[in-house]
Amino acid sequence: MSAVADVALAGCLLVGAFAALSAGLGLLTLPDLLTRMHAATKPQAVGVVLILIAVGIRHPTVDVITTLVLIALLQLTTVPVAAHLVGRSAYRTGQVRSDLLYTDELRDALDRGAPPEDLD
């Protein structure tokens, strides 16, 4: 491998590992569910993609690259969907601290979709 590829590989590995580490530390230190969920999804996805890029630099074959692209696409599509579902279910079960929210758009949407109360 060339020196440029080695530097790119090392940079991707270091930044990807740091992103994954920051996701783990965020899960341990952040105060509420929504911020922990944010820390678990965004840096983790970026870290995985950077590590996959490093693997692609190290093993530049068609088979490896196609597998890495598939893994990256699956990570980038499933992680946000899972986080969205966890966030909504946590909100509906009362696990979200409403005093920390600047705007509660979901409450407005749920209130509009709720059936009208009886006028008795």
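Not measured: the values here are computed from a predicted model. (Residues numbered from 1 in each chain as written. Predicted model: local features only at pLDDT ≥ 70, side-chain atom pairs only at ≥ 80, totals over all residues. Heavy atoms only, no water.)

Enquirer: Now, about the overall build of the protein: what can you tell me, with residues and values included?
Expert: In terms of regular secondary structure, the protein is built from four helices and zero strands. Put simply, the protein runs from its N terminus to its C terminus through helices and strands in the order α-α-α-α. At 20 Å, the protein has a C-alpha radius of gyration far larger than the 14 Å of a compact globule built from 120 residues. With respect to the three principal axes, the spread of C-alpha positions in the protein is 80 × 30 × 20 Å. Intrachain contacts of the protein at a sequence separation of at least 6 include 55% that bridge at least 24 residues. Carbon and sulfur atoms make up 68% of the accessible area of the protein, which amounts to about 8600 Å² in all. (Helix = DSSP H or I, 4+ residues; strand = E, 2+ residues; numbered from the N terminus. Rg over C-alpha atoms; globule rule 2.2 N^0.38 Å. Contact = heavy atoms within 4.5 Å. Areas by Shrake-Rupley, 256 points an atom, 1.4 Å probe, with all protein chains shown as cover.)

Enquirer: So what about the side chain of Thr41? Which residues, and what values?
Expert: Summarising the element assignment, Thr41 is placed in helix H2 (residues 33-58). At a separation of 3.0 Å, a polar atom in the side chain of Thr41 contacts the main-chain carbonyl oxygen of Met37. Other than its neighbours up to four places away in sequence, Thr41 contacts Val79 and Ala83. (Polar contact = N/O pair within 3.5 Å; in protein donor to acceptor, adjacent residues only side chain to side chain.)

Enquirer: Would you mind going over the UniProt feature "transmembrane region" (unreviewed entry) in the protein in detail, with residue names and values included?
Expert: Residues annotated by UniProt as "transmembrane region" (unreviewed entry) correspond here to residues 6-28 and 64-87. Between the C-alpha atoms that bound residues 6-28 the distance is 33 Å, and the span itself is 100% helix and 0% strand. Between the C-alpha atoms that bound residues 64-87 the distance is 34 Å, and the span itself is 100% helix and 0% strand. (UniProt positions renumbered as here; feature names shortened; annotations may be inferred.)

Enquirer: Before we move on, could you go through the packing of helix H3 (residues 62-92) against helix H4 (residues 105-113) and cite the residues and values that matter?
Expert: Running from N to C, H3 and H4 cross one another at 65°; their axes reach a closest spacing of 12 Å. In terms of their interaxial angle, H3 and H4 are classed as roughly perpendicular. Considering how the two elements wind past one another, H3 and H4 form a crossing that is right-handed. Residues Arg88, Tyr91 and Arg92 of H3 form the contact with H4, whose own contacting residues are Leu106, Arg107 and Leu110. For the contact of H3 with H4, the residue count by class is three nonpolar, no polar and three charged. (Axes fitted to C-alpha atoms, helices over the stretch in contact; angles between N-to-C directions. Parallel < 35°, antiparallel > 145°, perpendicular 65-115°, else oblique. Left-handed = near helix turned anticlockwise from the far one by under 90°. Nonpolar A, V, L, I, M, F, W, Y, C, P; charged D, E, K, R; others polar.)

Enquirer: Lay out the environment of Thr93 with the relevant residues and their values.
Expert: Along the chain, Thr93 falls in the loop between H3 and H4. Assessed through its relative accessible area of 55%, Thr93 is described here as exposed. Looking at Thr93, its side chain comes within polar contact range of the main-chain oxygen of Ser89, at 2.9 Å. At a separation of 3.2 Å, a polar atom in the side chain of Thr93 contacts the main-chain carbonyl oxygen of Ala90. (Buried < 20%, exposed > 50% of the residue type's maximum accessible area, 1.4 Å probe, protein only.)

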